[in-house]
Amino acid sequence: MKAPNIETNSYLIRPFKTSDAELWQKWDIDPEVQAFMPEPFNEVQDIEEQYKYIEECEADEEGCYWSIETKNGTTIGTVALTEINEYHKIANLGIVIGDKNHWGKGVATEVITAIVAHAFEQLHLCRISAEVEEGNVGMIKVFKKVGFKQDGLLESARLKNTKRINVHHFGFVKPSCKVKSK
Ligand SMILES: CC(C)(COP(=O)(O)OP(=O)(O)OC[C@H]1O[C@@H](n2cnc3c(N)ncnc32)[C@H](O)[C@@H]1OP(=O)(O)O)[C@@H](O)C(=O)NCCC(=O)NCCS
């Protein structure tokens, strides 16, 4: 699905460029960035594979993938809506601020707020879901701050460093889509 440019007060959320792949190679080997990722790389990925991944994302009819850029043109992360289901009007959200200099400065809060607005208003989705590994305090705080509600704990849902771990499940329902109580 074509990802449009989305401008927020401080950031430009734009489609991937091939030059992003070199940044991903740095982020992929940063243990702090990878600590709570579902499939941590922890090793340099082949640049040709990264270019292929960009092409796959562009061809993905059920996904919208963006890079996050500061207003002075520094690329600092990625955000995506995946598994967009137009019948049920649902999607999953994932985000990585790969440039740690920008952690704790409100980037994820501002970007996720804008992506949720885009999903509800432009894509006419009703619900956005997200999974967060236990211990990812920052991500949990961001989702709650933006308006997501925790709707479950997926017990022992992932393998991490040979150990099983729990995963929090979050959801944000567009107010007009809420199930009316009888
Ligand atoms: C998790 C992540 C997205 C947070 O992004 P961010 O831009 O730093 O988040 P924000 O600045 O919007 O933070 C919002 C709030 O959470 C707090 N916060 C952020 N990271 C935190 C952390 N590690 N520990 C405690 N609080 C944290 C901020 O201080 C802020 O608090 P405030 O509202 O009281 O001021 C970012 O650290 C990241 O990309 N990490 C690596 C990849 C990752 O884990 N992605 C998520 C996979 S599910």
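Residues numbered from 1 in each chain as written. Predicted model: local features only at pLDDT ≥ 70, side-chain atom pairs only at ≥ 80, totals over all residues.

J.: Quick one: what's the story with helix α4 (residues 107-121), residue by residue and with numbers?
T.: Between its first and last C-alpha atoms α4 spans 21 Å; for 15 residues at 1.5 Å apiece the expected length is 21 Å, and the two agree. Buried within α4 we find Val 107, Ala 108, Val 111, Ile 112, Ile 115, Ala 119 and Phe 120. The arc that holds every buried residue of α4, seen down its axis, measures 170°, which confines them to one face. Summarising the geometry of α4, the exposed residues directed more than 90 degrees from the buried face are Ala 117 and Glu 121. Contact partners of the buried residues in α4: β2 (11-15), β3 (64-70), β4 (75-85), β5 (90-97), β6 (127-133) and α5 (137-146). (Helix = DSSP H or I, 4+ residues; strand = E, 2+ residues; numbered from the N terminus. Expected span 1.5 Å × (residues − 1). Buried ≥ 20, exposed ≤ 12 C-beta atoms within 10 Å, placed from the backbone. Arc of directions from axis to C-beta. Contact = placed C-beta atoms within 7 Å.)

J.: Can you break down the environment of Lys 100 residue by residue, with the values?
T.: With respect to the element layout, Lys 100 can be found in the loop between β5 and α4. The class of Lys 100 is exposed, set by 12 C-beta atoms lying within 10 Å. Ignoring any residue separated from it by four or fewer positions in sequence, one finds Lys 100 in contact with Glu 32 and Val 33.

J.: A description of unusual backbone geometry should follow, citing residues and the corresponding values.
T.: In most cases, non-glycine residues show a negative phi, while peptide bonds are predominantly trans. Positive phi values are uncommon outside glycine, yet Lys 89 reaches one of about 60°. Tracing the sequence through the fold places Lys 89 in the loop between β4 and β5. The class of Lys 89 is partly exposed, set by 16 C-beta atoms lying within 10 Å. Backbone geometry places Asn 161, a non-glycine residue, at a positive phi of 50°.

J.: Can you tell me about the site of the ligand, naming the residues and giving the values?
T.: Around the ligand there are 21 residues in total, and Ile 97, Val 107, Ala 108, Thr 109 and Gly 138 lie nearest to it. Listed by contribution, the elements that provide at least two residues to the shell around the ligand are β5, α4 and α5. Residue contributions to the shell around the ligand peak at six residues, all from α5. Looking at the shell around the ligand residue by residue, the class counts come to 13 nonpolar, five polar and three charged. (Near = placed C-beta within 6 Å. Nonpolar A, V, L, I, M, F, W, Y, C, P; charged D, E, K, R; others polar.)

J.: Hey, could you go over the nonpolar core for me, with residue numbers and the actual values?
T.: One finds Trp 66, Ile 68, Leu 81 and Val 111 to be the most contacted residues of the largest nonpolar core, which totals 32 residues. Of all the secondary-structure elements, those providing two or more residues to this core are β2, β3, β4, β5, α4, β6, α5 and β8 (163-173). The greatest single-element share of this core, amounting to seven residues, is contributed by α4. Residues within four places of Val 111 in sequence aside, it is in contact with Thr 8, Tyr 11, Ile 13, Ile 68, Val 79 and Ile 95. (Core = buried A, V, L, I, M, F, W, Y, C linked by C-beta atoms within 7 Å.)

J.: Hey, could you go over the sheet that holds β4 for me, with residue numbers and the actual values?
T.: Spatially, β1-β2-β3-β4-β5-β6-β8-β7 is the arrangement adopted by the eight strands of the open sheet, whose pairing is mixed. Each having just a single partner strand, β1 (6-7) and β7 (149-160) make up the two edges of the open sheet. Two strands pair when backbone bridges link them, and β3 and β4 are joined in this way by six bridges, in the antiparallel orientation. Within β4, the residue paired with Trp 66 across the bridge is Val 79. α4 rests against β1, β2, β3, β4, β5, β6 and β8 of the sheet, and its axis sits at about 155° to β5. (Pairing = 2+ DSSP bridges. Axes fitted to C-alpha atoms, helices over the stretch in contact; angles between N-to-C directions.)

By themselves, these figures tell us nothing about what the structure is for.
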